[in-house]
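Residues per chain, in single letters:
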There are 2 protein chains.
Amino acid sequence: MGASKTDQFTVQQNELAILAKALGHPARIAIIEYLLKVDACICGDIVNELPLAQPTVSQHLKELKNAGLIKGNFEGASICYCIDEAGFEKIKGFFQDITKHLEKRKNNCC
Amino acid sequence: MGASKTDQFTVQQNELAILAKALGHPARIAIIEYLLKVDACICGDIVNELPLAQPTVSQHLKELKNAGLIKGNFEGASICYCIDEAGFEKIKGFFQDITKHLEKRKNNCC
DNA sequence: AATAACTATCGTAATATTGCAATATAAAAA
DNA sequence: TTTTTATATTGCAATATTACGATAGTTATT
């Protein structure tokens, strides 16, 4: 064994886990924060912003893209990366549910 | 190599990544959802709610606890687990920032 | 004290992730 | 066309995660 038993959980639970997992690395958090900071699609200089080698950054970008958190389109010589709002909407929904639950919760807690 | 270069990123970026990573597994999403559903500290029957062996569940609970997403206290024969709001507040803050950014964003995107 | 019920830890195997050098690919510039 | 620039892919080593059987620890009950 060792592989995740994903088939034992709901599609929704897996979707959320995939999104959260994609954010579960400081380099990928840094990429998202950078994309938000520059407030635009960014073409080219993401590699220079991170303390990692180019193949590693490329891999992290790929994971964020697969998870649906960023989009990337060819834009001349370089590739234009930007936030994919759809992915963030899903996570936002999850946290809104949690917040709602927490607010109307009784204090029957340790 | 293979280890995460956490020291190359800010404390905040690492904190967020740790929280997100903790949510990056469907079993742990399921645990959080269950704790929210029963709307109480839950003592004992978490293992029965999950399609995983007891040691595995125990491990997932430990990870959620280490990340600061749940709390666990001894309560008689069993342990009382419940949501730790502090952890969720941190993540909420991050997503509020993102939402704010996305809202006031120009459409200078691909 | 002995038993039962619940949870944690250890040990181990299978698999996944992280990181980078080397290399490949693709488009623009010279 | 050759060179330059930007990104992706491959291959591999180091490390981390996932899962569970076996076992240990802890508390309540008998």
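Note that the structure is a prediction, hence the values are computed from the model and not measured.

J.: I'd like to hear about the overall build of chain A, residue by residue, with values.
T.: Counting its regular elements, chain A contains 5 helices and 3 strands. Start at the N end of chain A and walk to the C end: the helices and strands fall as α-α-β-α-α-β-β-α. Within the span of chain A, comprising 110 residues, buried residues form 46% of the whole. At a minimum sequence separation of 6, the contacts of chain A that also span at least 24 residues come to 50%. With an accessible surface of roughly 6100 Å², chain A has 51% of that area assigned to carbon and sulfur atoms.

J.: Before we move on, can you summarise the relation of the copies chain B and chain A with the specific residues and values?
T.: Once chain B has been moved 0.0 Å along the axis and rotated by 180°, it coincides with chain A to within an RMSD of 0.0 Å. Taken together, the turn and the small shift mark the pair as related by a two-fold rotation axis. Residue by residue, 100% of the interface of chain B is reproduced at the interface of chain A, so both copies engage with the same surface.

J.: Quick one: what's the story with the packing of aromatic side chains, residue by residue and with numbers?
T.: In total, this model carries 5 aromatic pairs over all chains according to the counting rule given. When the centroid spacing of 5.3 Å and the interplanar angle of 75° are considered together, the rings of A:Phe94 and A:Phe95 count as edge-to-face. We classify A:Phe94 as buried; its relative accessible area is 8%. Of the aromatic side chains, those joined through ring pairs into one cluster are A:Phe88, A:Phe94, A:Phe95, B:Phe88, B:Phe94 and B:Phe95.

J.: How would you explain the environment of A:Tyr34 if you had to name every residue and give the values?
T.: All names here are of chain A. Along the polypeptide, Tyr 34 turns up in helix H2 (residues 26-38). Classification of Tyr 34 by relative accessible area gives buried; the value is 13%. As for Tyr 34 and Cys 82, which are separated by 48 residues in sequence, their C-alpha atoms are 9.9 Å apart.

J.: Tell me about the nonpolar core, and name the residues and values.
T.: Counting residues in hydrophobic clusters, the biggest one holds 64 residues, and the most contacted among them are A:Ile32, A:Leu69, A:Phe95, B:Ile32, B:Ile46, B:Leu69 and B:Phe95. Beyond its immediate chain neighbours, meaning those up to four positions away, B:Ile32 contacts A:Ile98, B:Leu23, B:Leu64, B:Ile70, B:Ile83 and B:Phe88.

J.: Kindly report on helix H1 (residues 11-22) of chain B, identifying the contributing residues and their values.
T.: The end-to-end C-alpha distance of H1(B) is 17 Å, a good match for the 16 Å that 12 residues give at a rise of 1.5 Å each. Residues of H1(B) that are buried make contact with helix H1 (11-22) and H2 of chain A together with helix H2 (26-38), helix H4 (54-67) and helix H5 (85-103) of chain B.

J.: Hey, could you go over the interface of chain B and chain A for me, with residue numbers and the actual values?
T.: Across the boundary between the two partners, chain B contributes 46 residues, which contact 46 residues of chain A. Surface buried jointly by chain B and chain A totals about 4400 Å² across both partners, of which 69% is contributed by carbon and sulfur atoms. Between chain B and chain A we count 6 residue pairs in polar contact (both at pLDDT 80 or more) in total. Contributing elements (two or more residues each) for the side of chain B that touches chain A: H1, H2, strand E3 (78-83) and H5 of chain B. Looking at the side of chain B that touches chain A, the element that brings in the most residues is H5(B), giving 10 residues.

J.: Residue-level account of the pattern of salt bridges, with values.
T.: Residues and elements named next belong to chain A. Enumeration according to the criterion identifies 6 salt bridges over all chains in this entry. Notably, a salt bridge pairs Lys 90 with Glu 15, separated by 3.7 Å at the nearest N-O pair. With Lys 90 in helix H5 (residues 85-103) and Glu 15 in helix H1, this pair connects stretches of sequence that are 75 residues apart.

J.: So what's going on with H2(B)? Which residues, and what values?
T.: Counting along an α-helix, one turn takes 3.6 residues, and residues three or four places apart therefore face a common direction. The first and last C-alpha atoms of H2(B) sit 18 Å apart over 13 residues, in line with the 18 Å expected at 1.5 Å per residue. Taken together, the buried positions of H2(B) are occupied by B:Pro26, B:Ala27, B:Arg28, B:Ile29, B:Ala30, B:Ile31, B:Ile32, B:Tyr34, B:Leu35 and B:Leu36.

The rules behind each value
- Residues numbered from 1 in each chain as written.
- Chains lettered and ligands numbered in written order.
- Predicted model: local features only at pLDDT ≥ 70, side-chain atom pairs only at ≥ 80, totals over all residues.
- Heavy atoms only, no water.
- Helix = DSSP H or I, 4+ residues; strand = E, 2+ residues; numbered from the N terminus.
- Buried < 20%, exposed > 50% of the residue type's maximum accessible area, 1.4 Å probe, protein only.
- Contact = heavy atoms within 4.5 Å.
- Areas by Shrake-Rupley, 256 points an atom, 1.4 Å probe, with all protein chains shown as cover.
- Least-squares fit on C-alpha atoms with pLDDT ≥ 70 in both.
- Phe/Tyr/Trp six-rings, centres within 6.5 Å; stacked < 30°, edge-to-face > 60°.
- Core = buried A, V, L, I, M, F, W, Y, C linked by side-chain atoms within 4.5 Å.
- Expected span 1.5 Å × (residues − 1).
- Buried area = accessible area lost by both parts, 1.4 Å probe.
- Polar contact = N/O pair within 3.5 Å; in protein donor to acceptor, adjacent residues only side chain to side chain.
- Salt bridge = Lys/Arg side-chain N within 4 Å of Asp/Glu carboxyl O.

Remember that the coordinates give geometry; whether it matters functionally is a separate question.
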